[in-house]
Amino acid sequence: MLPTVTDFNELRADLEFKTTEAERAQATLESLTTDKERLRKDFERLEQLEQKIMAETKEIKDSIAQMNSDIEKFSDVERLKQELREKEVSLNEEKEYILENRDSSARKLEGLEEEYEALKKAVEGNDTYTQLTNLQKKWQFLEQNVGNLKEAIARKADETDYVPMRTIVVELANDFNVLLQQHLAKNAV
């Protein structure tokens, strides 16, 4: 059975009302979703800020503790003066010890240098030393000559190496033979 015009108009009015309500509900949902996302981001920023504040608070507490420790340390001026005097005495004793050792070390060094020079003159006057020195110089000269000869031999070997040239000539001869055979085949026909 078909609805009457009045029923139809009521249904249409009801449909329009529900459509309007659905659109309003959708707009409200979108607005609430946007607000939720904004609030979530605000919450994350607040958590980061809280962590930063906690870290800075810890740093400040540590700094205050260090300052309090320094205040205690430096407030006892007499103890600091006593420590400085003891340190000064200790450094002066160390300085005297080093100066004494420096002088004795300088004397020992002079003695060792004189002994070295004497031994050096004795060795230089020795015939065996002179012969060894001359042989060493001759050996260095011969090693240099051997190196030069090896380089010269390598250059000559490169100059007289016929294999690359032979390869080129064989390839040219093969190419020439192919061309000649092609030419003869054309003329024979």
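Above this note sits the structure.
Right, let's walk through the structure included here.

Scoring rules and cut-offs
Residues numbered from 1 in each chain as written. Predicted model: local features only at pLDDT ≥ 70, side-chain atom pairs only at ≥ 80, totals over all residues. Heavy atoms only, no water. Helix = DSSP H or I, 4+ residues; strand = E, 2+ residues; numbered from the N terminus. Rg over C-alpha atoms; globule rule 2.2 N^0.38 Å. Buried < 20%, exposed > 50% of the residue type's maximum accessible area, 1.4 Å probe, protein only. Areas by Shrake-Rupley, 256 points an atom, 1.4 Å probe, with all protein chains shown as cover. Lys, Arg positive; Asp, Glu negative; His and termini not counted. Charge placed at Lys NZ, Arg CZ, Asp CG, Glu CD. Axes fitted to C-alpha atoms, helices over the stretch in contact; angles between N-to-C directions. Parallel < 35°, antiparallel > 145°, perpendicular 65-115°, else oblique. Contact = heavy atoms within 4.5 Å. Nonpolar A, V, L, I, M, F, W, Y, C, P; charged D, E, K, R; others polar. Salt bridge = Lys/Arg side-chain N within 4 Å of Asp/Glu carboxyl O.

1. Considerations on the overall build of the protein
What the protein contains, in helices and strands, is 4 helices and 0 strands. Along the protein, from the amino end to the carboxyl end, the secondary structure elements read α-α-α-α. Here the C-alpha radius of gyration of the protein, 53 Å, is well above what a compact globule of 189 residues would show, namely 16 Å. If one aligns the C-alpha atoms of the protein with their principal axes, the spans along those axes are about 140 × 125 × 15 Å. Looking at the protein as a whole, 1% of its 189 residues qualify as buried. For the protein, the accessible area works out to roughly 18000 Å², and carbon and sulfur atoms hold 60% of it. A distance of 4 Å separates the average location of the 29 positive side-chain charges in the protein from that of its 42 negative side-chain charges.

2. Things to note about the packing of helix 1 (residues 5-75) against helix 2 (residues 77-124)
Contact geometry of helix 1 with helix 2 gives a least axis separation of 5 Å together with a crossing angle of 70 degrees. The angle between helix 1 and helix 2 places the two elements in the roughly perpendicular class. Of helix 2, the residues touching helix 1 (which contributes K73, F74 and S75) are V77, R79 and L80. When its residues are assigned to classes, the contact of helix 1 with helix 2 shows 3 nonpolar, 1 polar and 2 charged.

3. A short note on the pattern of salt bridges
In the structure shown here, the tally under the stated rule is 10 salt bridges. Here D14 ties to K18 by a salt bridge, and the two come within 3.5 Å at their closest N and O atoms. Of the two residues, D14 and K18 are both situated in helix 1; the distance of 4 residues between them amounts to about one turn of the helix. Linking R45 and D42 is a salt bridge whose minimum nitrogen-to-oxygen distance equals 2.2 Å. One end of the pair is R45 and the other is D42, both in helix 1 and 3 residues apart, which spans about a single turn. Judged by relative accessible area, which is 25%, D42 ranks as partly exposed.

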